[in-house]
Amino acid sequence: MRRYLFLLTLLLGWSAAAQTPEELYEIYSTPETRAIMERFEEAERRSQEAEAAAHAQKMLILGMAILIGLIPVVENGRRILKEKTWKDNPGGTVRALGVALAGGVVLFGLNYGVLYLKLKYGDGFNTTLAFLIVAGLVAGSIYLLNKKGDGS
């Protein structure tokens, strides 16, 4: 019985003398350990700042691409409202809105893709070449549309 009483007293004494993890850290940490922890905390803070900046840039790119993609829809909508074409030609008005919407989606996709790749790869991405390829695709599409319209 004395043995159990001694162990119980010993356990209570240890629990009363137990220190918090912070106190133990202060006791056993060395200046080198503190320097490493400070460098780690600084690197973690810089990493979080870089992630926040990248997110802000992605949101800016998305906003710009959406605004550019809305240009055809807004312009055609303005013309439709100004000229009141839905009264005279409702089918043509719906087709014009469809084409404007499709064109807006294509503009959005192209701009978002080019700007995102520029953000992701920086100088490694040749923006001029990308815009020349897009211009070539547009010119080829116009050529094919005009060729089809000639009846050839």
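Owing to the predicted nature of the structure, the values given are computational and were not obtained by experimental measurement. (Residues numbered from 1 in each chain as written. Predicted model: local features only at pLDDT ≥ 70, side-chain atom pairs only at ≥ 80, totals over all residues. Heavy atoms only, no water.)

Caption draft 1: Examining helix H5 (residues 90-121) more closely. Helix length check: H5, at 32 residues, gives a terminal C-alpha distance of 46 Å against a target of 46 Å (1.5 Å per residue), a fit within 8%. All buried positions along H5 are accounted for by Gly 92, Thr 93, Ala 100, Gly 104, Asn 111 and Val 114. (Helix = DSSP H or I, 4+ residues; strand = E, 2+ residues; numbered from the N terminus. Expected span 1.5 Å × (residues − 1). Buried < 20%, exposed > 50% of the residue type's maximum accessible area, 1.4 Å probe, protein only.)

Caption draft 2: The arrangement of helix H3 (residues 31-83) in detail. In this model H3 runs 78 Å from its N-terminal to its C-terminal C-alpha over 53 residues, within 8% of the 78 Å that 1.5 Å per residue would give. Considering bend angle alone, the principal kink of H3 is centred on Ile 71 and spans about 35 degrees; proline Pro 72 follows within four residues of it. By the burial criterion, the buried members of H3 are Ile 61, Ala 65, Gly 69, Pro 72 and Ile 80. The secondary structure elements touched by the buried residues of H3 are helix H4 (85-88) and H5. Backbone geometry just after H3 places Lys 84 at a positive phi near 50 degrees. (Bend = angle between axes of the 7 residues up to and from the residue. Contact = heavy atoms within 4.5 Å.)

Caption draft 3: The arrangement of the side chain of Asn 111 in detail. With respect to the helices and strands, Asn 111 occurs in helix H5. A polar contact is formed between the side chain of Asn 111 and the backbone oxygen of Leu 107, at a distance of 2.8 Å. When near neighbours in sequence (up to four residues on either side) are disregarded, Asn 111 contacts Ala 65 and Ile 68. (Polar contact = N/O pair within 3.5 Å; in protein donor to acceptor, adjacent residues only side chain to side chain.)

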